[in-house]
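# Notes for the structure review
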Amino acid sequence: MDQLGAALRAWRDRLDPARVGFAHGSPRRVPGLRRAELATLAGISVEYVVRLEQGRVATPSAQVCSALARALRLSGDEHAHLLRMAGHAADPSRVPRMIPESLYRIVDQLAGNPLSIYDATWQLLYWNPLFTATFGDPTVHRAADRNVLLWQFLGELPRVRQTAAERAAFEESLIADLRATTSRYPDDPDVATLISRLNGNPRFRQLWSRRSVGGHESSHKLVEHPEVGDIALNSDVLTTQDTSLRLVVYTPQPDTDARSKLELLTAVGVQRMSPQG
């Protein structure tokens, strides 16, 4: 774990804070990200980052490694190296979670829209600042719980209002998509664990028993934002060919005021828009 800690420190030092949304404000004692900034981006505690860098964590999970790789903008080779150092050997039978640099370049060009990246099980891997400002901060959930299927069947989608018909169509397409994932990665234990968790929901069991196979490609979203009101969005899913990663881009629905609301959220970020009481 000492090598892992040294690598994390080096990767943190080399990353320009402005590249990941942190402005150069007060003087910095480190050339790159602060530990607290890395913790925020990865959705883990500062104390855990300290323990990782000091080599005091026995085996960080693959999900934590992926969150760190996302936060640090690691290349595919570096992400794989991080997984190996943490004791997770590369395995083609596992659902890919490494985000290639080419996808980050696309993401950077689409910064004016909320967007997010998911793996083939709809586990949330990456989101941009406007996604947080629109849908809320994903880091309020544990990394293992940042999954669209878990939100839909065991909780609720953050800030999204659905009609009965929209909910039914959305759930059917998600289940068909998950069924396709099980045939591509039949030996991935994370897939089996996810299905086991979802089996606690009767609606999931009913849809799963149909054995429909398909893909989730697009939908409409009405976001109930606590500060700017309803935001009508279209969501389009772009799937990478080799890794089955899903880039979801949210764009304003035509003939709505969604664009002006997104521009307002871009200007204020995740700060509260109403006066503090």
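Predicted, not measured: the structure shown is a model, and the values here were computed from it. Sequence positions are assigned chain by chain, starting from 1 and proceeding in written order. With pLDDT at 70 or above as the cut-off, local features in this predicted model cover only qualifying residues; side-chain atom pairs require 80 or more to be listed or tallied, and sums for whole chains, interfaces and linings still use all residues. In computing side-chain values, all of the structure's heavy atoms are included and hydrogens and water are not.

### Describing the confidence of the model for the protein
Definition in use: Residue-level confidence of the predictor is what pLDDT reports, using numbers from 0 through 100. Whether two residues are in contact is decided by their heavy atoms, any of which lying within 4.5 Å being enough.
When pLDDT is averaged along the protein, the result is 88, and 94% of the positions lie at 70 or above. Counting contacts from residues 272–277, a segment whose pLDDT is below 50, to residues more than four positions away or on other chains yields seven contacts.

### Observations regarding the side chain of R179
What counts is decided by this rule: Secondary structure elements follow DSSP: runs of H or I no shorter than four residues count as helices, runs of E no shorter than two count as strands, and numbering proceeds from the N terminus.
Secondary-structure assignment places R179 in helix α9 (residues 164–184). Apart from the residues within four sequence positions on either side, R179 is in contact with W208, R211, S212 and V213.

### Digging into the side chain of T121
To be explicit about the condition: Relative accessibility under 20% of the residue-type maximum defines a buried residue, over 50% an exposed one, and the middle range a partly exposed one, all with a 1.4 Å probe and only protein chains included. N or O atoms within 3.5 Å of each other form a polar contact, as long as, within protein, one can give a hydrogen and the other can take it, and as long as residues adjacent in sequence are counted only when both atoms are side-chain atoms.
Counting through the fold element by element, T121 comes out in the loop between β1 (115–118) and β2 (124–127). The exposure class assigned to T121 is buried, which follows from its relative accessible area of 4%. A polar side-chain atom of T121 sits 2.7 Å from a polar atom in the side chain of D119. Excluding anything up to four places from it in sequence, T121 contacts V95, R97, N147, L149, T181, V191 and L194.

### Some points on empty space enclosed by the protein
Heads up, the rule is: Only protein atoms enter the 1 Å grid used here, on which a cavity is any set of points holding a 1.4 Å probe that cannot leave and a pocket is any open set flanked by protein within 12 Å on both sides along at least five of seven lines; residues with an atom within 4 Å of a point are listed as lining. Grid points are joined across faces, edges and corners, and a volume is the space filled by probe spheres set on the points.
Within this structure, the stated rule accounts for two cavities of 30 Å³ or more. Its boundaries defined by the atoms lining it, the largest cavity holds a volume of some 120 Å³. Considering the residues around the largest cavity, the lining is formed by Q63, S66, A67, R70, R97, Q123, L124, L125, W127, A143 and R146. Of all elements in the fold, only α4 (62–72) and β2 reach the threshold of two or more residues within the lining of the largest cavity. Sorting elements by how many residues they give to the lining of the largest cavity places α4 first, with four residues. Of the pockets and cavities examined, the second largest cavity occupies roughly 50 Å³.

### Looking at the pattern of salt bridges
Basically, it comes down to this: Whenever a carboxyl oxygen of Asp or Glu lies within 4 Å of a side-chain nitrogen of Lys or Arg, that contact is scored as a salt bridge.
Summed over the entire model, instances satisfying the criterion amount to 18 salt bridges. As a salt-bridge pair, D190 and R94 come within 3.0 Å of each other at their nearest N and O atoms. Within this pair, whereas D190 is found in helix α10 (residues 189–198), its partner R94 is found in the loop between α5 (76–85) and α6 (101–109), the two being separated by 96 residues in sequence. The exposure class assigned to D190 is partly exposed, which follows from its relative accessible area of 29%. Here D145 makes a salt bridge to R197, at a shortest N to O gap of 2.9 Å. Taken together, the positions of D145 in the loop between α7 (129–135) and α8 (148–154) and R197 in helix α10 put the pair 52 residues apart, joining distant regions of the chain. Shared partners join several salt bridges into a network, and the residues in it are R94, R97, D119, D188 and D190.

### Examining the sheet that holds β2
What counts, and what does not: Paired strands are those between which DSSP finds at least two bridges.
Spatially, β2-β1-β6-β5-β4-β3 is the arrangement adopted by the six strands of the open sheet, whose pairing is antiparallel. The strands lining the two open edges of the sheet, one partner per strand, are β2 and β3 (160–161). Taken together, the four bridges between β1 and strand β6 (residues 246–252) define a ladder with antiparallel strand orientation. Paired with Y118 across the strands is R246, a residue of β6.

### Focus on unusual backbone geometry
The phi dihedral of R73 is positive, around 55°, even though this residue is not glycine. Within the secondary structure, R73 is located in the loop between α4 and α5. Classification of R73 as buried rests on a relative accessible area of 6%. Even without being a glycine, S244 presents a positive backbone phi close to 60°. One can find S244 in the loop between β5 (229–239) and β6. For S244, a relative accessible area of 8% corresponds to the buried category.

### Examining α4
For α4, the buried fraction is high: nine of the eleven residues fall into the buried class. Where α4 is concerned, the buried positions are V64, C65, S66, A67, L68, A69, R70, A71 and L72. Where α4 is buried, its residues touch α1 (2–14), α2 (35–42), α3 (46–53), α5, α6 and β2. Its side-chain oxygen at 3.1 Å from the backbone nitrogen of V64, S61 defines the N-terminal cap of α4. Positive backbone phi, at 55°, marks R73, one or two positions downstream of α4.

### Focus: the pairing of β1
Here β1 shows a buried face lined by L115 and I117 and a second buried face lined by S116 and Y118. By the bridge criterion, three bridges tie β1 to β2 in an arrangement that is antiparallel. Residue pairing across strands places Y118 opposite L124, the latter belonging to β2. Between β1 and β2, which follow one another and run antiparallel, lie five residues, and W122 among them has a positive phi close to 65°.

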